Amino acid sequence: QVQLVESGGGSVQAGGSLRLSCAASERTFRTFVMGWFRQALGKEREFVALTSWIGGSTSYADSAKGRFTISRDNAKNTVYLQLSSLKAEDSGVYYCAAKSVTATTWDSWGQGTQVTVSS
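Structure report, in brief. (Residues numbered from 1 in each chain as written. Predicted model: local features only at pLDDT ≥ 70, side-chain atom pairs only at ≥ 80, totals over all residues. Heavy atoms only, no water.)

Helices and strands together make up the secondary structure of the protein chain, namely 0 helices and 11 strands. Taken over C-alpha atoms, the radius of gyration comes to 13 Å for the protein chain, in line with the 14 Å a tight globule of 119 residues would show. Each of the three principal axes of the protein chain carries a C-alpha extent, and together these read 40 × 25 × 25 Å. Long-range contacts, defined here as pairs at least 24 residues apart, represent 54% of the contacts in the protein chain between residues at least 6 apart. Element-wise, carbon and sulfur atoms account for 49% of the exposed surface of the protein chain, whose accessible area totals about 6100 Å². (Helix = DSSP H or I, 4+ residues; strand = E, 2+ residues; numbered from the N terminus. Rg over C-alpha atoms; globule rule 2.2 N^0.38 Å. Contact = heavy atoms within 4.5 Å. Areas by Shrake-Rupley, 256 points an atom, 1.4 Å probe, with all protein chains shown as cover.)

Here's what the structure looks like:
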């Protein structure tokens, strides 16, 4: 299991930006798929974005395409989520997640970081 710690959340006006960070404790960071999920109050957790192995492949939820960018710095064992053109509906707790390249489920989760977007 990988230890994950998110940071960078906060409050921002609609249309603003934030950059979330997720620091991983794993020395073999390059062997893990990293992803971001979010959960609004009273809602189910939903997928936002992921980056595979060394970041050469990315995937985004439709709601994130064109506005959010996931990236990773393997030298720092850190994955980022750049949030731009934020909307009120983007508010929620954002979670970093990790899984082995051979795993079919996400097996490591961070504690979450709050993002609040006001209109």
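In terms of nonpolar packing, the biggest core is built from 25 residues, with Trp-36, Leu-81, Leu-83 and Tyr-94 touching the most fellow members. Looking at this core, the elements with two or more residues in it are strand E3 (18–24), strand E4 (32–39), strand E5 (46–51), strand E7 (68–73), strand E8 (78–83), strand E9 (92–100) and strand E11 (113–118). Take this core: its biggest share by element is 4 residues, from E3. (Core = buried A, V, L, I, M, F, W, Y, C linked by side-chain atoms within 4.5 Å. Buried < 20%, exposed > 50% of the residue type's maximum accessible area, 1.4 Å probe, protein only.)

A separate point is the sheet that holds E8. What the 4 strands build is an open sheet, ordered E1-E3-E8-E7; its pairing is antiparallel. For this open sheet the edge positions go to strand E1 (4–7) and E7, each flanked by a neighbour on one side alone. When the angles between neighbouring strand axes are averaged without regard to direction, this sheet yields 15 degrees. In terms of strand pairing, E3 meets E8 through 6 bridges, oriented antiparallel. Counterpart to Cys-22 in the pairing with E8 is Val-79. (Pairing = 2+ DSSP bridges. Axes fitted to C-alpha atoms, helices over the stretch in contact; angles between N-to-C directions.)

What follows concerns the packing of aromatic side chains. Inspection of every chain in the model, using the stated rule, returns 3 aromatic pairs. Considering the side-chain rings of Phe-37 and Phe-47, the 5.7 Å spacing of their centres and the 75 degrees angle between planes classify their relative orientation as edge-to-face. One end of the pair, Phe-37, is in strand E4; the other, Phe-47, is in strand E5, and 10 residues separate them in sequence. With a relative accessible area of 9%, Phe-37 lands in the buried category. Given a relative accessible area of 27%, Phe-47 falls into the partly exposed group. Grouped by ring-pair contacts, the aromatic residues Phe-37, Phe-47, Trp-106 and Trp-109 constitute a single cluster. (Phe/Tyr/Trp six-rings, centres within 6.5 Å; stacked < 30°, edge-to-face > 60°.)

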